[in-house]
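As a plain string of letters, each chain reads:
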Amino acid sequence: MKRLKIAILIYCILNNAVFSETAPEEAYIEIGMKEQRNEFYRVLMNEETEEIYLGIGEFIDFAKIDDLKFDRKRLRIKGKLDREKEIDIKIPKESVIETDEDVFIKLDDFKRYFHISSSDWDGERYVLNLRPDFKTAKEYQGELNNQRSLLAMAKREAEQEVRGDYIKKEGSLLSPGILKFVYSNSDFEENDYAIDIDYGTELLYGEFQISQKVYPESSLEYIRLQYAEIFGSYYLTFGDFYLESDTIFDAERSLRGVSFSKNEYYGIRIDNRTIIEGEAYNANLVELYRNGNLDDFQMITGNSFRFDVINLSSTDRYTLKIYYRDGRQETQDIYVLGNQNILNRGETDFVFQAGEGKHEKKHQYLGEFRYGLTKDLTVVTGVSLLENRVGNKYEVLEVGAAYRFGFDRYPTLISVTLLDDFNAKELNFKGTGEQKLPYNTNLTVRYENYTDATADRLTKDYSYNIDLSKNFRRVAGSIGYFENSYEDDKLYQIYLSLDYNFSRNIKLSLSNDYYKYSSPENNPKRIEGYGTDAKITYSGFDSILAILEGKINYEEKKMVEDEIKFGITKTPTEKGFFRNIDTTFEVGHSREKGTFFEVRFTYIFDGDIYVEFPDIKREDNRTKIGGRVEKSFYLGDPLLRINNNNVTYGWVEGKVFVDENSNGIMDKNESIYEGAEVMTSAGSGVVRENGEYIIGNISNNDIHNIEVNRESIDPMLIQGKEKIKFKGAIASGVKVDIPLVPISMITGFVENNGVSGEREYNGVLASLDVVLKRDNEEIGRAQPEIDGYYYFENILPGDYVIELVPSSKRYRGEFDKGRIEVKVKAGREGDYYEDNNFLVKNIEVIEDEILDDEDEVVDSEESPEIESTEVTEKERSLAQENMQEESINEKNS
């Protein structure tokens, strides 16, 4: 009998050691899903196999999926994971472990049910990372917060400008101004040098600028007095400007006189090409962008530039980016003459220009008025008195209309222009029809008809152009037919143009055309030809731009034109090793020019000195080496280092100080903060030993932001005002003192009442946001840590309110208070505002219920049959016993 008892005991021990199963036990891990993270997340885990079981309710609460319901009684999950993915799943009972608080399933099943593509488990650090195939609530909230923040900031800045809440210098009849001396030599070997003087100032409350050539001959190169803001978006200019007349009249466009117009830079549409020209005073590089992508660039030796581009579409948008010799940039949208834009009802637009040609000395006058009769009908009328270089005069009455009709998504736009020349007693006609089609396609038809003298001047009785353009994701293209007829001469042209964006910075452009010209009279001839123009442009990395272009033309199977050209330029940058240095290089070869190249280095030194050297250029089989030096002085204080090269731009100067009483004004007992870096759109400056900073090249037409670089000051200080704005002055300075105030910290706890269980308390904390507000505007949001602790840092002096925003669906907490008011005081140093505590009085557990009685498992993505891993009865019962025991211990404690 004794041996039998021993045998039974040995059998039981061996059976328990060999065949027993280790039950999953409660464990706490760190879980992450994209931007969402919980460092104290409850799971069930088999310690031997490290197999993880996730609670369904806990996960829905953690992920904050508001549109997803979980019915514990029916073991059913139904709703939307995000705005696109929807699930409806019934979980087999044999695959779950149920506890008093939740239902747990194995990780592999969990990933199938909740569209988790993959996961990573770190067994040493107890970290589980999930990668979902849906968009998380945190992502949606982040996007919404960013939009709200940007909109709120934009609204505040707009209101700030409307209220005039920015610093500006009062206007004056005359200021001392900036004087600049320019020495340039295009060929050192021949000593071909010139001396110019530029001057800019505020005159009669306007911007006055003059450029005078001194040597080798004296002449007035440029003069202008301009008012940019008195009449809203219009420019009132006395001096040099460009005439906005129709292209069929060959009057000189560069005038000196008076102009009242919205357009400083504009383009002219001729057939399927657009000509963009103008003057950019004191610029060394002009870039042309089409639809946001670099299309071409030009180095400027004088002040003028010109681009001749092939249109891809009637909707092409052109933008100029101008780089000036002082390192600043300017971006200008181009208005294309001939584009009959529709005005809103009651909206007006007008142009008045009168002046004398700068070169041909002929007088030109132009007036035009446009008015929106309805939101779809705009009329235009105008009068022009023009004269060309040989004395032919044009007295023109212009009448036109643009009408839009059809569907909202696919509208039709028709524009008509009649030009009646009273001198020649002839009527000319121009008409355009544009139709928007599905799939980002546009159809454009243009027709022009001219009579008598105009037809002879343009060698065109009539012409028409049919153009079909389309935009793909990365490809834009157009195909078209053009015909021009003059007497018995005929020109036919078929063209195909394509743009392909390899990336945001690289674009390939191809233009191909086939043409046929016939002239039967006198010397009968017939010419047939074709040409190709290919261009690759790059813009982006480290302010480097590059263009590789090649073109070739054949007539009667013989090459008549060929050219290949490569250009690269680096524009000045504010920081880095090559700060304030730019380089431009261009090399090419053509049958007409031979080999040509130009390389130019530019340096901008402190003390208002600008240097171009060497400027090496090869043309006409000869290489020239030249250079240029410029030096500016402020006549009010010639020793002031304003770092300006543009004579009409100003500077900003002032002090940075510690504002102990937060009144925004530097008082006698408050100290300067030396070494602080001040930043603006034009550059940066450092507070010197005398306590002041100065930054030059500040545009006088714009309102600028100014701020202190946080990295250059004590981390316990911050700029006293979130946004400080100022308006640049004309050839003078604006004084802006910047206050620094100490920052404080607000902390507190969300505490448990001691009655609710830790699981419920943790559930409340996991989905609770603590919000900090000032003047009813949210300025900060924090999530409590495991023990309920929360904090806000970088807090300025002022009155604040702390509020709780619960978002848990399962754990509904009741708190002892809804808000806490905190007053942060000003002073030399910041402070800690602690014990701003909330108490969780009661927690209610809410369970979802799905009322319909569907028993089938449905997944709206693919509707698969859900396979689940079975949990053994022993695992389930042991896990439940463990959880119940821990729950009892927790309550007793």
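Remember, it's a predicted structure, so these values are computed and weren't measured experimentally.

**Re the overall build of the chain**
Secondary structure summary: the chain contains seven helices and 61 strands in total. Sequence-distant contacts, at least 24 apart, represent 54% of the contacts inside the chain between residues at least 6 apart. Total accessible area computed for the chain in this model is approximately 46,000 Å², and 51% of it derives from carbon and sulfur atoms.

**With respect to the sheet that holds strand 45 (residues 683–686)**
The strand order across the open sheet built from four strands is 45-44-47-49, with neighbouring strands paired in antiparallel fashion. Edge positions in the sheet fall to strand 45 and strand 49 (724–727), since each has one partner strand and no second. Between one strand and the next, the sheet's axes are offset by a mean angle of 30°, whatever the strand orientation. Here strand 47 (residues 703–708) runs beside strand 49; their pairing, made up of four bridges, is antiparallel. Paired with I703 across the two strands is K727, which belongs to strand 49.

**A closer look at a nonpolar patch on the surface**
Residues Y183, F188, I195, V214, Y215, I609, F613, I625 and V629 make up a contiguous nonpolar surface patch of about 710 Å² in total accessible area. Where the nonpolar patch is concerned, the elements lending two or more residues are strand 13 (206–215), strand 41 (609–619) and strand 42 (622–634). Considering the arrangement of structural elements, one finds I609 in strand 41. I609 sits in the partly exposed class, given a relative accessible area of 31%.

**Focus: helix 2 (residues 56–63)**
Of all eight residues in helix 2, eight are buried, a share of seventy percent or more. Turning to helix 2, its buried residues number three or more, namely I56, G57, E58, F59, I60, D61, F62 and A63. K64 lies just past helix 2 and shows a positive phi near 55°.

**Considerations on the nonpolar core**
In terms of nonpolar packing, the biggest core is built from 34 residues, with I56, F59, I91, F110, F114 and L130 touching the most fellow members. Here the element with the most residues in this core is helix 2; it accounts for five residues. Those residues within four positions of I91 in sequence are excluded, and the remaining contacts are I56, L75, I77, V96, I105 and Y113. In this structure, I746, V750, L772 and V824 belong to the second largest nonpolar core, which totals 28 residues.

**A short note on the confidence of the model for the chain**
Per-residue pLDDT for the chain has a mean of 81; in total, 83% of the residues score no lower than 70. Ranking the helices and strands of the chain by mean pLDDT puts strand 26 (residues 363–372) first, with 94, and strand 61 (residues 858–859) last, with 42. Within the model, pLDDT remains below 50 along residues 14–20, and this stretch shows two contacts once partners closer than five positions in the same chain are excluded. Scored below 50 in pLDDT, residues 853–865 makes 21 contacts in the model with residues more than four places away or belonging to other chains.

**Looking at the sheet that holds strand 53 (residues 768–774)**
An order of 54-53-56-58 is seen for the four strands of this open sheet, with the pairing classed as antiparallel. In this open sheet, the two edge strands, each paired with only one partner strand, are strand 54 (777–782) and strand 58 (819–824). Neighbour to neighbour, the strand axes of the sheet diverge by 30° on average, direction disregarded. As defined by bridge partners, strand 56 (residues 798–806) adjoins strand 58 across six bridges and the pair is classed as antiparallel. Its bridge partner lying in strand 58, G798 is registered against V824.

**A few points about the pairing of strand 32 (residues 462–471)**
Remark: a regular strand shows side chains that alternate across the two faces of the sheet. Examined bridge by bridge, strand 31 (residues 441–449) and strand 32 share nine bridges and lie antiparallel to one another. Looking across to strand 32, one finds that N442 is bridged to S469. The antiparallel hairpin formed by strand 32 and strand 33 (residues 475–486) contains three residues in its connecting segment.

**Here's the deal with unusual backbone geometry**
At the junction of Y215 and P216, the peptide bond is cis and its omega measures out at 10° in the coordinates. With respect to the helices and strands, P216 occurs in the loop between strand 13 and strand 14 (219–227). Here the residue pair F613 and P614 is connected by a cis peptide bond, since its omega of -10° sits within 30 degrees of zero. The residue P614 is located in strand 41 in this model.

**Topic: the environment of A476**
Take A476: it is sitting in strand 33. Residue A476 is classed as buried on the basis of its relative accessible area of 14%. Counting along the chain gives 22 residues from A476 to L498, while the straight-line C-alpha distance between them is 5.8 Å.

**Let's talk about the pattern of salt bridges**
If you walk through the whole model with that rule in mind, you get 44 salt bridges. Notably, a salt bridge pairs R404 with D376, separated by 3.0 Å at the nearest N-O pair. With R404 in strand 28 (residues 393–406) and D376 in the loop between strand 26 and strand 27 (377–387), the pair connects residues that are 28 residues apart, well separated along the chain. Sharing partners across several salt bridges, the network here consists of K180, D198, R628 and E630.

**Quick look at the pairing of strand 15 (residues 235–242)**
Extensive coverage of strand 15 is indicated by the burial of seven of its eight residues. As paired elements, strand 14 and strand 15 share four bridges and run antiparallel to each other. Following the sheet pairing, Y227 is matched in strand 15 by L236. Note: strand 15 against strand 16 (residues 254–261), eight bridges, orientation antiparallel. In the sheet register, F241 faces strand 16, and the bridge partner there is L255.

**Quick word on the environment of Y610**
Mapped onto the elements, Y610 comes out in strand 41. Judged by its relative accessible area of 1%, Y610 is buried. The spatial distance from the C-alpha of Y610 to the C-alpha of V182 is 9.4 Å, given a sequence separation of 428 residues.

**Describing a negative patch on the surface**
There is a patch of like negative charges on the surface, built from D452, D456, E487, D488 and E521. By the element assignment, E521 lies in the loop between strand 35 (506–519) and strand 36 (525–539).

**Thoughts on the environment of Q783**
In this fold, Q783 is placed in the loop between strand 54 and strand 55 (789–795). Here the alpha-carbon distance between Q783 and S767, two residues 16 residues apart in the chain, equals 8.0 Å. What Q783 contacts, discounting residues up to four positions off in sequence, is K64, L765, A766, S767, L768, D769 and Y789.

**Describing the packing of aromatic side chains**
Taken as a whole, this structure holds 24 aromatic pairs when the rule is applied. Plain terms: the ring middles of F181 and F633 are 6.3 Å apart, the flat faces sit at 75° to each other, and that makes the pair edge-to-face. One end of the pair, F181, is in strand 11 (residues 178–185); the other, F633, is in strand 42, and 452 residues separate them in sequence. The class of F181 is partly exposed, set by a relative accessible area of 38%. Through a chain of ring-to-ring contacts, three or more aromatic side chains come together here, namely Y41, F59, F62, F110 and F114. Over the ring of F633 we find K631; its NZ or CZ atom is 5.1 Å from the centre of that ring.

**Quick notes on the side chain of K358**
Within the secondary structure layout, K358 lies in the loop between strand 25 (348–357) and strand 26. Beyond its immediate sequence surroundings of up to four residues, K358 is in contact with E221, D240, E252, S254, L255, R256 and E279.

Cut-off values and rules
- Residues numbered from 1 in each chain as written.
- Predicted model: local features only at pLDDT ≥ 70, side-chain atom pairs only at ≥ 80, totals over all residues.
- Heavy atoms only, no water.
- Helix = DSSP H or I, 4+ residues; strand = E, 2+ residues; numbered from the N terminus.
- Contact = heavy atoms within 4.5 Å.
- Areas by Shrake-Rupley, 256 points an atom, 1.4 Å probe, with all protein chains shown as cover.
- Pairing = 2+ DSSP bridges.
- Axes fitted to C-alpha atoms, helices over the stretch in contact; angles between N-to-C directions.
- Patch = residues over 30% accessible without salt bridge, like charges linked within 9 Å, V, L, I, M, F, W, Y side chains within 5 Å.
- Salt bridge = Lys/Arg side-chain N within 4 Å of Asp/Glu carboxyl O.
- Buried < 20%, exposed > 50% of the residue type's maximum accessible area, 1.4 Å probe, protein only.
- Core = buried A, V, L, I, M, F, W, Y, C linked by side-chain atoms within 4.5 Å.
- pLDDT = per-residue confidence, 0-100.
- Lys, Arg positive; Asp, Glu negative; His and termini not counted.
- Charge placed at Lys NZ, Arg CZ, Asp CG, Glu CD.
- Phe/Tyr/Trp six-rings, centres within 6.5 Å; stacked < 30°, edge-to-face > 60°.
- Lys NZ or Arg CZ within 6 Å of the ring centre and 35° of its normal.

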